[in-house]
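# Fold and geometry: a report
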Amino acid sequence: FKTQCQATQYVKSNACTPCPTGHECNGHAKARCNGDEYVLSNACTTCPAGHTCDGDAKAACAATKYVSANVCTACPSHHECNGAVATACDRARHC
């Protein structure tokens, strides 16, 4: 017979085991989340704008920074940042 576990668990050695950090589980198997995702309600979820993710959790970037390659990065000179993106200043908008 096949062991079936709760959705937040997986089968290991024919026993129900809690889903490990950074994984999603379906009661039978586990799957590791990608580094640009986080776990939300037992599911790997795309990292939202203005956040960095590590496969398990998400962290918001400060409004004085922007996200570049999943890293909160200092706002470059002559740019405005909002925690998600860096926008270049132009003549109409001085910053």
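Whatever comes next refers back to the structure up there.
The following refers to the structure shown. (Residues numbered from 1 in each chain as written. Predicted model: local features only at pLDDT ≥ 70, side-chain atom pairs only at ≥ 80, totals over all residues. Heavy atoms only, no water.)

## Brief notes about the state of the cysteines
Here is the rule we go by: In this description, a disulfide is simply a cysteine sulfur pair whose atoms lie within 2.5 Å.
Under the criterion given, the structure shown has 6 disulfides. Sulfur-sulfur distance for the disulfide between C19 and C25 comes to 2.1 Å. As the torsion about the S-S bond is roughly 90 degrees, the C19-C25 disulfide counts as right-handed. Paired by a disulfide, C47 and C53 hold their sulfur atoms 2.1 Å apart. Disulfide C47-C53: torsion about the S-S bond near 85 degrees, hence right-handed.

## Some words on the pairing of strand β2 (residues 15-18)
To be explicit about the condition: Strands were regarded as paired on the criterion that DSSP finds at least two bridges between them. Put simply, DSSP marks the helices as runs of H or I at least four residues long and the strands as runs of E at least two long, and each gets a number from the N terminus on.
Of the pairings in the sheet, the one linking strand β1 (residues 9-12) to β2 comprises 4 bridges and is antiparallel in character. Within β2, the residue paired with V11 across the bridge is C16. From the end of β1 to the start of β2, which pair antiparallel, there are 2 residues, and S13 there has a positive phi angle of about 55 degrees.

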